[in-house]
Amino acid sequence: MAEEFWRWTEYRKTMDGVDWKSAEALTVGVDVGSVSSQAVIMADGKLYAYSSMRTGSDSPQSAQKAMDWALEGTGLTMDKIRYTVGTGYGRVNVPFSNRAITEIACHARGAHYLYGPTVRTVLDMGGQDCKAIRCDEKGKVLSFLMNDKCAAGTGRGMEVFADLLQVPIAEIGERSLDVDEEPRPVSSTCVVFAKSEATGLLREGWPKNKVIAAYCSAMAKRVVTLLERTGVQKDFAITGGIAKNSGVVTRLAKELGIKPLDTGYDTQLAGAVGAALFAQSIVKKSMSKAGAG
Amino acid sequence: MIANYGYMDGSGEFFVRIDTGKCDGCADCVAACPAGVLQVAEDENDPLSEQPVAKVNEDHRRKLKYSCGPCKPVAGRPPLPCVAACKPGAIEHSW
């Protein structure tokens, strides 16, 4: 079988030092995106376990698979989960969720957790859309803009590109920075046209790394125009799969003149973490209501 | 919250911007829009709030250029009905 250059690694993790048995409330966030799905389990608002995998053609099944994988090895079962929030494109297709919340609200809240409360601008570079969000010190959305009509500047676009150039997707960023001189960006940001433009450049004899650099650069420029509409305020964080691509991130930082924040967490978790935190808030609210009543 | 509904593509940027801090949920804009682009409902991006606000209907978000087109003739532009109807001045168009 031909090598699948677009294929990124699926993963799961249980965090050290968090014990679900002593937790008062366990909540779950499931982010069913257009390309990847994440399930996150939180114990009293603390990240406990998570999984990230490819979204298949069947969203309910993808949500269930991600959930099962996150639970694996923890000894935890679904009946112990107090509340589940679904988010992402497939948020209405999470059969075991109690509520669906938009990915915009969840990404702001999640970035606030993953990058810290100083975050004011969140750029989510997702599988099939791009979101620019400004938020306050509590992770509440102040302004947002989403572009989901065009695949330019998205993970799916990068997958298509990795496949065209036959370069493993995880190496794209590094290779794009390994050029003697920064090439001009590809002129077309549309994925389909950029692809034919790249083919032309390869035919002209451009080395692969230079073509990759031209594409990463175009992607960064494209996203900057999106960000300019909402305005960029420090601190700035990038979430989603493209946040792992140093080629796009480095160029974006240069265009904006702002270095994005680093996080020890996985950048693709932001949506699901935000969803689990909203679940936590909802549980808390109902508990205090019950207490008051 | 400044909610930008719409998109940008090869032909331009098409966003309807609603300031939910100004919006009082009166729904005058809903009645004014001949294309049925707007509605007043719970704020989906502020899930813990119960205050209803104006928003762009989901099925219009990716075709605003066309949905709003009839109110935007090339010459002699009258004020946009939604913008004119909104007393608190919460609605703006990007194009």
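Residues numbered from 1 in each chain as written. Chains lettered and ligands numbered in written order. Predicted model: local features only at pLDDT ≥ 70, side-chain atom pairs only at ≥ 80, totals over all residues. Heavy atoms only, no water.

S.K.: Can you break down a negative patch on the surface residue by residue, with the values?
M.R.: Taken together, the side chains of A:E171, A:E174, A:D178, A:D180 and A:E181 present a region of like negative charge at the surface. Mapped onto the elements, A:E174 comes out in helix 4 (residues 172–177). (Patch = residues over 30% accessible without salt bridge, like charges linked within 9 Å, V, L, I, M, F, W, Y side chains within 5 Å. Areas by Shrake-Rupley, 256 points an atom, 1.4 Å probe, with all protein chains shown as cover. Salt bridge = Lys/Arg side-chain N within 4 Å of Asp/Glu carboxyl O. Lys, Arg positive; Asp, Glu negative; His and termini not counted. Charge placed at Lys NZ, Arg CZ, Asp CG, Glu CD. Helix = DSSP H or I, 4+ residues; strand = E, 2+ residues; numbered from the N terminus.)

S.K.: Run through the packing of helix 5 (residues 191–203) of chain A against helix 6 (residues 208–230) of chain A, naming residues and quoting values.
M.R.: All names here are of chain A. Remark: helix 5 packs on helix 6, axes separated minimally by 10 Å, with the N-to-C direction vectors making an angle of 155°. Here helix 5 is positioned roughly antiparallel relative to helix 6, judged by the angle of their axes. Here the hand of the crossing between helix 5 and helix 6 comes out right-handed. For the pair helix 5 and helix 6, contact is made by V191, A194, A198, L201 and L202 and by K208, V211 and Y215, respectively. (Axes fitted to C-alpha atoms, helices over the stretch in contact; angles between N-to-C directions. Parallel < 35°, antiparallel > 145°, perpendicular 65-115°, else oblique. Left-handed = near helix turned anticlockwise from the far one by under 90°. Contact = heavy atoms within 4.5 Å.)

S.K.: Explain the sheet that holds strand 7 (residues 121–125) of chain A residue by residue, including any values.
M.R.: Strand order in this open sheet of seven strands is 10(A)-7(A)-8(A)-9(A)-1(B)-2(B)-5(B), and the pairing throughout is mixed. The outermost strands of the open sheet, each flanked by one partner alone, are strand 10 (236–239) of chain A together with strand 5 (91–93) of chain B. Geometrically, the sheet is characterised by an average inter-axis angle of 15° between neighbouring strands, direction not taken into account. Here strand 1 (residues 2–9) of chain B pairs with strand 2 (residues 12–19) of chain B via eight bridges, running antiparallel. Paired with B:N4 across the two strands is B:R17, which belongs to strand 2 of chain B. With respect to the sheet, helix 2 (residues 103–115) of chain A is in contact with strand 7, strand 8 (130–135), strand 9 (141–147) and strand 10 of chain A, its orientation differing from that of strand 8 of chain A by roughly 65°. Sheet strands in contact with helix 6 of chain A are strand 7, strand 8, strand 9 and strand 10 of chain A together with strand 1 and strand 2 of chain B, and its direction is about 140° off that of strand 9 of chain A. (Pairing = 2+ DSSP bridges.)

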